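Chain residues, written in single-letter form:
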Amino acid sequence: TRPDELAPMRAETEAMLAAAGPHVTVLSVGAPQPLVFGHLTNPLRHQMFIGGLAEYLDETWPGGLDAMAAVVRRDTPTFITMDHPTWYGWLRPVILEHYRKIGTTLDFTWYVERSVGEEEITRLTRILASGP
């Protein structure tokens with residue numbers, strides 16, 4: 001059988017990326033769907049942090065996960081998508097400081113960079129809430 005979520009997930013992602021404009025960037029943390037559907041590259045080399053990978057990266061990435069979070073803070077992608085936000089405590093300070101949760105749908109949660117402004121955050125939240 002084929003999953004039913006693929007078409008709605010693609011439509012949702014395409015609507016969000018189109019609404020954000022041509023210079024949109026997405027950081028995936030366990031949620032690669034927007035990268036795939038949007039033909040985008042993850043700003044970080046890694047996007048999976050489960051099954052011991054977080055511990056491995058914390059020990060081998062120069063500066064560990066704190067340094068990885070600093071890269072995200074510096075680069076400020078438009079969106080961050082996460083499969084299970086509670087699993088990635090190393091990124092939580094950046095999310096709290098620079099991002100706003102705009103919704104969870106299907107398999108992942110969307111965050112948008114606060115500097116896009118309240119009007120844009122409200123618009124993106126509505127797009128996400130209305131579904132494909």
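Scroll up to find the structure.
This is a predicted model, so every value here is computed, not measured.

About the cut-offs
Residues numbered from 1 in each chain as written. Predicted model: local features only at pLDDT ≥ 70, side-chain atom pairs only at ≥ 80, totals over all residues. Heavy atoms only, no water. 1 Å grid on protein atoms, 1.4 Å probe; cavity = no way out; pocket = protein on both sides within 12 Å on 5 of 7 lines; lining within 4 Å. Points joined across faces, edges and corners; volume = space filled by probe spheres on them. Helix = DSSP H or I, 4+ residues; strand = E, 2+ residues; numbered from the N terminus. Nonpolar A, V, L, I, M, F, W, Y, C, P; charged D, E, K, R; others polar. Salt bridge = Lys/Arg side-chain N within 4 Å of Asp/Glu carboxyl O. Buried < 20%, exposed > 50% of the residue type's maximum accessible area, 1.4 Å probe, protein only. Pairing = 2+ DSSP bridges. Axes fitted to C-alpha atoms, helices over the stretch in contact; angles between N-to-C directions.

S.K.: Any chance you could break down empty space enclosed by the protein for me, citing the residues and the numbers?
M.R.: Going through the model one piece at a time under the given rule, you end up with one cavity of 30 Å³ or more. Of the volumes computed, that of the largest cavity is approximately 30 Å³. Considering every element that reaches the lining of the largest cavity, the biggest residue donor is helix α4 (residues 64-75), with three residues. Among the residues forming the lining of the largest cavity, the class breakdown is six nonpolar, no polar and one charged.

S.K.: Talk me through the pattern of salt bridges; I want residue IDs and the actual numbers.
M.R.: For the structure on display, the rule yields four salt bridges. Here R74 makes a salt bridge to D75, at a shortest N to O gap of 2.8 Å. Note on D75: relative accessible area 36%, which makes it partly exposed. R123 is paired through a salt bridge with E120; the nearest N and O atoms lie 2.8 Å apart. In this pair, R123 and E120 are both assigned in helix α6 (residues 118-130), three residues apart and thus about one turn of the helix distant.

S.K.: How would you sum up the layout of surface pockets? Please name residues and give values.
M.R.: Empty space among the atoms can be located by rolling a probe the size of a water molecule over them. Empty space within the largest pocket amounts to approximately 170 Å³. Lining the largest pocket, in full, are M82, P85, T86, Y88, G89, R92, I95, L96, K101, T104, T109 and Y111. Of all the elements in the fold, those that place two or more residues in the lining of the largest pocket are α5 (92-98), β3 (99-105) and β4 (108-113). The element best represented in the lining of the largest pocket is α5, accounting for three residues. Counted by class, the lining of the largest pocket contains six nonpolar, four polar and two charged residues.

S.K.: Pulling in residues and values, what's your account of the sheet that holds β4?
M.R.: Strand order across the open sheet formed by four strands is β1-β2-β4-β3, with mixed pairing between neighbours. Two strands bound the open sheet, and with one partner strand each, they are β1 (26-29) and β3. Here the average twist between neighbouring strands, direction ignored, is 20°. In the sheet, β3 pairs with β4 via six bridges, with the strands oriented antiparallel.

S.K.: Outline the pairing of β4, supporting the account with residue identities and numerical values.
M.R.: Counting buried residues in β4 gives six out of six residues, a clear majority hidden from the surface. Burial along β4 is two-sided: F108, W110 and V112 facing one way and T109, Y111 and E113 facing the other are all buried. Bridging between strand β2 (residues 79-82) and β4 involves four bridges; their strand directions are antiparallel. Considered in β4, the bridge of T81 is made with W110. Once β3 ends, the chain turns through two residues before running back antiparallel as β4, passing L106 with a positive phi of about 50°.

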